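# Geometric and topological summary
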Amino acid sequence: MGIHPGEVAAQRRTGVTKPLGSARARAEIPEVAQEFLRRQRMLVIGTAGHDGTTRAGLLTGAPGFIEPLGPATLAVHAAPPFDLGEEIGTLAIEPWSRRRMRVNGRVRREAGRLVIESDQAIANCPKYIQAREIAAVVPGAARRTAEGTHLTEGQQSWVAAADTFFIATRADGQGADVSHRGGPPGFVQVLGPRRLRWADYTGNFMFLTLGNLELEPAAGLLFVDWEHGHTLRVGGRATVDWEGERRTIDFAVEEVAETTGDSPLRWRFLEPSPFNPG
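What comes next is a walk through the structure. (Residues numbered from 1 in each chain as written. Predicted model: local features only at pLDDT ≥ 70, side-chain atom pairs only at ≥ 80, totals over all residues. Heavy atoms only, no water.)

### Quick notes on the packing of helix α1 (residues 5–13) against helix α4 (residues 208–215)
Rules: Comment: axis = line fitted to C-alpha atoms, over the contacting stretch for helices; angle = value between 0 and 180 degrees taken between N-to-C directions. Helix and strand labels come from DSSP, where a helix needs a run of H or I of at least four residues and a strand needs a run of E of at least two; each type is numbered from the N terminus. Oblique is the label for every angle not falling under 35 degrees (roughly parallel), over 145 degrees (roughly antiparallel), or within 65 to 115 degrees (roughly perpendicular). The contact criterion used throughout is that any non-hydrogen atoms of two residues lie within 4.5 Å. Polar here means any residue other than Ala, Val, Leu, Ile, Met, Phe, Trp, Tyr, Cys and Pro, which are nonpolar, and Asp, Glu, Lys and Arg, which are charged; Gly is therefore polar.
The N-to-C vectors of α1 and α4 enclose an angle of 110 degrees; their axes lie 7 Å apart at closest approach. One finds that α1 runs roughly perpendicular with respect to α4. Packed against α1, whose contacting residues are Pro-5, Gly-6, Glu-7, Ala-9, Ala-10 and Arg-13, the element α4 presents Leu-208, Leu-210, Gly-211, Glu-214 and Leu-215 at the interface. Of the residues that constitute the contact of α1 with α4, the class distribution is six nonpolar, two polar and three charged.

### Quick look at α1
For clarity, the cut-off: Remark: exposure states derive from per-residue accessible area (1.4 Å probe, protein chains only) relative to the maximum for the residue type, with buried under 20%, exposed over 50%, and partly exposed in between. Taking the helix axis as origin, the arc is that swept by the directions to the C-beta atoms.
When we look at burial in α1, the residues that qualify are Gly-6, Glu-7, Ala-10 and Gln-11. All buried residues of α1 lie within an arc of 135 degrees about the axis, which places them on one face of the element. Contacts from the buried residues of α1 go to α4. The first or second residue beyond α1 is Gly-15, which carries a positive phi of 80 degrees.

### Concerning unusual backbone geometry
The phi dihedral of Arg-98 is positive, around 60 degrees, even though this residue is not glycine. Looking at the secondary structure, you find Arg-98 in the loop between β5 (87–94) and β6 (99–110). With a phi close to 55 degrees, Ala-111 is a non-glycine residue in the positive phi region. Tracing the sequence through the fold places Ala-111 in the loop between β6 and β7 (113–124). Take Ala-111: its relative accessible area is 78%, and that puts it in the exposed class.

Here's what the structure looks like:
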């Protein structure tokens, strides 16, 4: 992919002049990264479905469910929780080691699996990742999804207590992406059943997420109940406020989907990120 105009605009707003955007990313997935992917049990995905709605979701499986098929091709042996478009962003994250990497590209269904042709393979820094380890695997739980257009009181409490979420974005001609956001509990402010706000902490200055939002405000959020395996997907539109000492993102909620039993993984909290603001 070429220069991302949204990323360039975001970098200029913050005084970044070096070419740090996704245009420098290669499609090839290095062998060490392929080994990292093979041992993962969790993959976060982001896409805009054929209905145009941008969503983030969670896929899980035994080690090996993410299978490198070549230097720039992955197979994922899991069924997505929603309709996928032709573009996908993926994020493999290992909370106990605070390692993570993205593979963004094009996706197709083939023989009961997802096949992803990489356009961008990007290793990310460990900032704001809360350390967790898998305490148990509880397969076989029945999935039940409740949908709505606003956050219930219980869901508002869930979001207000979260120390982690994931955000999916997409822009025409630039593809889809999904990224991690972390901070101390309460870093996501709940301003009502249909409005959220969070501070955007300093990262690697690539601005993949904010670059997409410069061009297309639609976004999908994913919150995980780490202890019980439930997930909360929140779709809507994000507006970046670049004024003031710290940029913030306001999020207007348009759709909500809470799924119980979405993941068999049960996680134990170890320690907060040392990068979390005090």
